[in-house]
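Listed below are the residues making up each chain.
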Amino acid sequence: MNAPPNADSAQRTSWVQVQLWWRMTRPGFLLLTVVACALGTATAAACGCGLDVSLAAAATALAVLAHATGNVLNDLHDARNGADAANTQGIAPFTGGSRLIQTGQATERQTAELAKALLVFLVPAGLWLAVQVGSGQVLLLGAAGLALAWAYSAPPLRLMSRGLGELAVALVWFLVVIGADLVQRQQWFPIPASVALSFSGLVAALLLINGFPDAEADARVGKKTLVVQLGPATASLLYLALVVSTHLWLGLSVMWLIPPAEALWGLVSAPLSLTAATLLWRHRHQPQRLRLALRLSVMAVLVHGLAMTAGFAWLGWNR
């Protein structure tokens, strides 16, 4: 028997709503968190701490949901402060938010409701994971990550508008890597911290370069991002300093015997980062020509994290 027409219509409406929610989370960027969790899980496994696949999957799912919540909150507060409405120079999908509110596909109320729903789910889910792991440290780390995600966009702190957005985001992904390791290891350890510092440095550089196309609109609404505060020339040099110091730290940390030599696989991202830095300097006053540099920056973070993950996985496999 065929479903009545009104049932078909309701199903289509529900599917459209789910698709809208999915797009509101900006799914293209969630892969960063998956890679960060894979890296943290691999560091624990390589050190002989074993691998609990179910806990790794749960931790990854919660981290991805937390990242999605941060994206939704960012869209909501950029709509409220007028930044996304003023932004006509953004390079989709890298900058300018999802723009679903600005194009009339979603409302501020829908965006706020989705953020609240995600938060309502995340809190008990985080408690459940902490109980499963048997560590209150997991709960504290997750709470710190959520607090930073909230403070990044939401008043009164609005860290992204005070030149502190890159630092806040770097701290979040630093916590993601060491949190994924902590779920397996159940204690703090220097190796995941050292590689997390490397990974999060490239995430900070990615956020910095993403600010170039948005700088004009940000300045008009009073968002004092690093690009707005420093100007394109100094911000370009800061990007170069970040990507060079990130790769340099990885090499030095291996030399100082913090992570094993297999972590050096992460250096394969250096050509991508340096090419992006060159393009950024060349087009620092022409942000609309930065699409390739933005793409290379995303690729550098992913390659950096995946290569280190592969190195640690190789070490664990050959133990």
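Residues numbered from 1 in each chain as written. Predicted model: local features only at pLDDT ≥ 70, side-chain atom pairs only at ≥ 80, totals over all residues. Heavy atoms only, no water.

Considerations on the packing of aromatic side chains
Throughout the structure, instances matching the rule amount to one aromatic pair. With a centroid separation of 6.0 Å and 65 degrees between ring planes, the pair formed by Trp 249 and Trp 256 is classed as edge-to-face. What makes Trp 249 partly exposed here is its relative accessible area of 23%. Here Arg 284 stacks its cationic end above the ring of Trp 281, 3.7 Å away from the centre of that ring. (Phe/Tyr/Trp six-rings, centres within 6.5 Å; stacked < 30°, edge-to-face > 60°. Buried < 20%, exposed > 50% of the residue type's maximum accessible area, 1.4 Å probe, protein only. Lys NZ or Arg CZ within 6 Å of the ring centre and 35° of its normal.)

Focus: a nonpolar patch on the surface
Side chains of Leu 237, Leu 240, Val 244, Leu 274 and Trp 281 sit close together on the surface and give an oily, nonpolar patch of about 420 Å² of accessible area. The leading source of residues in the nonpolar patch is helix H9 (residues 226-255), at three residues. By the element assignment, Val 244 lies in helix H9. Of the residues examined, Val 244 reaches a relative accessible area of 40% and is grouped as partly exposed. (Patch = residues over 30% accessible without salt bridge, like charges linked within 9 Å, V, L, I, M, F, W, Y side chains within 5 Å. Areas by Shrake-Rupley, 256 points an atom, 1.4 Å probe, with all protein chains shown as cover. Salt bridge = Lys/Arg side-chain N within 4 Å of Asp/Glu carboxyl O. Helix = DSSP H or I, 4+ residues; strand = E, 2+ residues; numbered from the N terminus.)

Structural notes on helix H5 (residues 108-133)
With 26 residues, H5 extends 37 Å from end C-alpha to end C-alpha; this agrees with the ideal 38 Å at 1.5 Å per step. Turning to H5, its buried residues number three or more, namely Thr 111, Ala 112, Leu 114, Ala 115, Leu 118, Leu 122, Ala 125, Leu 129, Ala 130 and Val 133. Just downstream of H5 lies Gly 134, where phi reads positive at about 80 degrees. (Expected span 1.5 Å × (residues − 1).)

What about the pattern of salt bridges?
If you walk through the whole model with that rule in mind, you get seven salt bridges. In this structure, Arg 80 and Glu 108 form a salt bridge, with 3.7 Å as the shortest nitrogen-oxygen distance. On the criterion of sequence distance, the pair formed by Arg 80 in helix H3 (residues 53-80) and Glu 108 in helix H5 is long-range, its members being 28 residues apart. Among the salt bridges present, the one from Asp 218 reaches Lys 223, with a minimum N-O distance of 3.7 Å. The same class applies to Asp 218 and to Lys 223, which are both buried.

Describing the nonpolar core
Membership of the largest hydrophobic core comes to 73 residues, with the highest contact counts inside it found for Leu 129, Trp 173, Phe 199, Tyr 239 and Phe 312. Counting residues per element, this core draws most heavily on helix H8 (residues 190-220), at 12 residues. With near-sequence residues (within four places) excluded, Trp 173 lies in contact with Leu 32, Thr 33, Ala 36, His 67, Phe 199, Ser 200 and Val 203. Among the nonpolar cores identified, the runner-up in size contains nine residues, and Leu 20, Leu 100, Ala 106 and Leu 114 belong to it. (Core = buried A, V, L, I, M, F, W, Y, C linked by side-chain atoms within 4.5 Å. Contact = heavy atoms within 4.5 Å.)

Some details on the packing of helix H10 (residues 270-282) against helix H11 (residues 291-317)
Between two packed helices, both the angle of their axes relative to each other and the distance between the axes serve to describe the pair. Look at H10 against H11: their axes get within 8 Å of each other, and the N-to-C directions meet at 160 degrees. Classed by the angle they form, the pair H10 and H11 counts as roughly antiparallel. For the element pair H10 and H11, the recorded crossing hand is left-handed. Between H10 and H11, the contacting residues are Leu 272, Ser 273, Thr 275, Ala 276, Leu 279 and Leu 280 on the first element and Leu 292, Ala 293, Leu 296, Ser 297, Met 299, Ala 300 and Val 303 on the second. For the contact of H10 with H11, the residue count by class is 10 nonpolar, three polar and no charged. (Axes fitted to C-alpha atoms, helices over the stretch in contact; angles between N-to-C directions. Parallel < 35°, antiparallel > 145°, perpendicular 65-115°, else oblique. Left-handed = near helix turned anticlockwise from the far one by under 90°. Nonpolar A, V, L, I, M, F, W, Y, C, P; charged D, E, K, R; others polar.)

A few points about unusual backbone geometry
Glycine aside, residues mostly have negative phi, and peptide bonds are mostly found in the trans state. Cis geometry marks the peptide bond from Pro 155 to Pro 156; its omega dihedral reads 10 degrees. Mapped onto the fold, Pro 156 is located in the loop between helix H6 (136-153) and helix H7 (165-185). Of note in this structure, Arg 158 is not a glycine but carries a positive phi near 45 degrees. Secondary-structure assignment places Arg 158 in the loop between H6 and H7. Unusually for a residue other than glycine, Leu 257 sits at a positive phi of about 65 degrees.

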